[in-house]
Amino acid sequence: MNQVFDEKSNIYFRNTRIEYSNKGVEFLRDKKLKLKDLEISNSNYGVYFKGRELDLGTSVISLCDTGIYLLKGKGHIKETNVKENEIGVLYK
């Protein structure tokens, strides 16, 4: 997994493939998370987010129970294919 921390301690993941997991990406910190060029499939939750801000782009999330689960914070989702999931995006 390619993980880089910037000067503000925000977290970025790029060019990553995740399959057959309970939660593809679980994020529970009060920070910004940027995800780009991801493939997440066959998981209970593709992205399970409870942070400050989610920036998700150019990714594919498929064959999950819930593709993207936003419990808290802002979500910016662009150029992302969320397909063949029980629930595409769940926001609480």
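Note that the coordinates shown come from a computational prediction; the quantities given were computed from them, not determined experimentally.

A.B. asks: Sorry, what's going on with the nonpolar core here?
C.D. replies: For soluble globular proteins, nonpolar side chains are generally found buried alongside one another. Within the largest apolar cluster, 17 residues are counted, with the highest numbers of intra-cluster contacts made by Leu33, Leu35, Ile40, Val47 and Leu54. Going through the elements one at a time, β2 (11–19), β3 (23–27), β4 (32–41), β5 (45–57) and β7 (66–78) are the ones with two or more residues in this core.

A.B. asks: Where do I start with the side chain of Asn85 in this structure?
C.D. replies: As for its placement among the helices and strands, Asn85 is situated in the loop between β8 (81–83) and β9 (87–91). A residue is classified by how much of its surface remains accessible, and Asn85, at 16% relative accessible area, is buried. Side-chain polar atoms of Asn85 contact the backbone oxygen of Ile61, separated by 3.2 Å. Among the polar contacts listed, one links the side chain of Asn85 to the backbone oxygen of Lys83, at a separation of 3.1 Å.

A.B. asks: I tried to follow the packing of aromatic side chains on my own but got confused; where do I start?
C.D. replies: The relative placement of two aromatic rings is captured by the distance of their centres and the angle of their planes. One pass over the structure, following the stated rule, counts 4 aromatic pairs. Here the aromatic rings of Tyr45 and Tyr48 are separated by 5.0 Å at their centres, their planes lie at 70 degrees, and the arrangement is edge-to-face. Geometrically, the ring pair formed by Tyr48 and Tyr69 is edge-to-face, given 5.3 Å between the ring centres and 80 degrees between the ring planes. Here Tyr69 lies in strand β7 and Tyr48 lies in strand β5, a separation of 21 residues in the sequence. Clustering of aromatic rings is evident, with ring pairs tying together Tyr45, Tyr48 and Tyr69.

A.B. asks: Any chance you could explain the confidence of the model for the protein here in plain terms?
C.D. replies: A residue-level look at the protein finds 89% of positions with pLDDT of 70 or above and a mean pLDDT of 89. Mean pLDDT values for the elements of the protein range from 46 in strand β1 (residues 2–5) up to 98 in strand β6 (residues 60–62). Scored below 50 in pLDDT, residues 1–5 shows 16 contacts in the model against residues more than four places distant or in partner chains.

Calculation notes
Residues numbered from 1 in each chain as written. Predicted model: local features only at pLDDT ≥ 70, side-chain atom pairs only at ≥ 80, totals over all residues. Heavy atoms only, no water. Core = buried A, V, L, I, M, F, W, Y, C linked by side-chain atoms within 4.5 Å. Buried < 20%, exposed > 50% of the residue type's maximum accessible area, 1.4 Å probe, protein only. Helix = DSSP H or I, 4+ residues; strand = E, 2+ residues; numbered from the N terminus. Polar contact = N/O pair within 3.5 Å; in protein donor to acceptor, adjacent residues only side chain to side chain. Phe/Tyr/Trp six-rings, centres within 6.5 Å; stacked < 30°, edge-to-face > 60°. pLDDT = per-residue confidence, 0-100. Contact = heavy atoms within 4.5 Å.

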